[in-house]
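Structural overview
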Amino acid sequence: MAKARSQYRCSECRHVTAKWVGRCPECGTWGTVDEVAVLATAAGAAQRTIVPTTPAVPISSIDPARTRHFPTGVTELDRVLGGGVVPGSVSLLAGDPGVGKSTLLLEVVHRWAQAGRRALYVSGEESAGQIRMRAERTGCSHDEVFLAAESDVHTVLGHIDAVQPSLVVVDSVQTMTAGDTDGVVGGVTQVRAVTAALTAAAKSTGVALVLVGHVTKDGAIAGPRSLEHLVDVVLHFEGDRNSALRMVRGVKNRFGAADEVGCFLLHEDGIEGVADPSGLFLDERPNPVPGTAVTVALDGKRPLIGEVQALLAFRPENAAPRRAVSGVDSSRAAMIAAVLERRANLKVSATDIYLSTVGGMRLTDPSADLAVAVAMASAYADMPMPTTTVVIGEVGLAGDLRRVTGMDRRLAEAARLGFTTALVPVGCGTVPRGLRAIESATIADALRSMLSLTKSPYDKVVTQLRREGSSNDLDAMDNKWL
């Protein structure tokens, strides 16, 4: 005969203790240790075999069409999902408050209904009237979209049985409660119980389920870490409040690639996908300007054009230098400035350095190192790079240039957008037609190549100075380079 005994298990690392503690002794996380009941087999009790309700079948006999993707109608979201949602799947969409999660999912259920399928939108944060107002404002009203303002998970399951939808959105999982489970609303125990109940309903009925999740101050999904293991797809919705650009980034996907990125623009009338977001990160101008360089970054599998801008200002003597960086890692920018000083003989330490990216883009890819270096050198020498040139490469502490992954896709994207010259490390691979690759082994070689690209305007200035007899200005210009 089996009798019950109690254990205490951490929901983060699954560490088991004999008594309750406020902080897990294994991973050090607070408030994640919960009591669980374990059946202990009494001594001498005979083990019994449980007959399965459904027999095991050969994997080849299972129809793959039962788990095919159904497009949501939002192209950028379908890209991240791998083609759409799968019946019986559970997806988790997490993001900061106000980033546009509800607006995006309201657009999803609207497109779903337009395709002749029924959708149910459940909100535990807003009333049905508030959701109706947003639907009117964004043009997402449809008779096949059903609304329910509920916070009890068992009532939500009743709505699913009554409406019989093929897509259910729950906004949000932290506001749902399970009456038969202890714990506060949004706590570890409640969130796990709600997710488990909704997941079981999705698997048994074949309904595609989308859960909205909150994030903490450090950007992690609120609730237990194991919540990500209970669902099939985890998406992060990112965006800056000062910018209209939003990105949906795949973190986990059991039905497709987990490194895709979807781009959106959020405005007053709703949200729209951006199929070609590269133009959002370029500062379009008719003439080249010193201190700018264009690169191609890879966000997941997606190549994105980005522009780095640099401004160098000579500071008063004995004044502490200023370093202001936006969109680029500050420590990496400082490293590149040191490499320019030591390996290319550019005295940038005597200047204030201001670095920024266009459009609020964050360049965390090491392939942007060379673009940062070229932008700083261009600002230092006051010589603009041609607007048809892209710069791609990683800079090492020894001044060497290293190849980066996905160079073929980066160069193909640059050629597609009309760039004609690429400043890259040695061994860049296949170069698309219409694009000329200038390979450099070191940062000093890259700056010499940059000087050759700016030779035409440089020669014009030199010719003009020689005509005016300004030899001192000419010598000063020459001394700026290597």
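Residues numbered from 1 in each chain as written. Predicted model: local features only at pLDDT ≥ 70, side-chain atom pairs only at ≥ 80, totals over all residues. Heavy atoms only, no water.

**Here's the deal with the packing of helix H7 (residues 330–343) against helix H8 (residues 369–381)**
Think of two packed helices as two axes; the pair is described by the angle between the axes and how far apart they sit. Packing of H7 against H8 brings their axes to within 10 Å, and their N-to-C directions diverge by 60 degrees. Considering the angle they form, H7 stands oblique to H8. Handedness of the H7/H8 crossing: right-handed. Between H7 and H8, the residues in contact are Arg332, Ile336, Ala337 and Leu340 and Asp369, Val372, Ala373 and Met376, respectively. Its residues placed into classes, the contact of H7 with H8 shows 6 nonpolar, no polar and 2 charged. (Axes fitted to C-alpha atoms, helices over the stretch in contact; angles between N-to-C directions. Helix = DSSP H or I, 4+ residues; strand = E, 2+ residues; numbered from the N terminus. Parallel < 35°, antiparallel > 145°, perpendicular 65-115°, else oblique. Left-handed = near helix turned anticlockwise from the far one by under 90°. Contact = heavy atoms within 4.5 Å. Nonpolar A, V, L, I, M, F, W, Y, C, P; charged D, E, K, R; others polar.)

**With respect to the confidence of the model for the protein**
Taken over all residues, the pLDDT of the protein has a mean of 85, while the share at 70 or more is 87%. Mean pLDDT per element in the protein: helix H12 (residues 471–479) is the minimum at 44, and strand S18 (residues 394–395) is the maximum at 96. A low-confidence stretch, residues 456–482 (pLDDT under 50), is modelled with 25 contacts involving residues beyond four sequence positions or located in other chains. (pLDDT = per-residue confidence, 0-100.)

**A word on the nonpolar core**
Nonpolar side chains in soluble globular proteins tend to be buried together. Core analysis: the largest hydrophobic core is formed by 48 residues, its most contacted members being Leu312, Leu340, Leu346, Leu355, Leu370, Val374 and Met376. Listed in part, the 31 residues of the second largest apolar core include Leu81, Leu105, Val109 and Trp112. (Core = buried A, V, L, I, M, F, W, Y, C linked by side-chain atoms within 4.5 Å. Buried < 20%, exposed > 50% of the residue type's maximum accessible area, 1.4 Å probe, protein only.)

**Some words on unusual backbone geometry**
A cis amide bond links Asp171 to the next residue, Ser172, at an omega of 0 degrees. You can see Ser172 is positioned in the loop between strand S7 (167–171) and helix H5 (188–205). If you check the backbone angles, Asn345 has positive phi at about 60 degrees while not being a glycine. Assignment of secondary structure puts Asn345 in the loop between H7 and strand S16 (351–357). A positive phi angle, near 60 degrees, is found at Asp382, a position not held by glycine.

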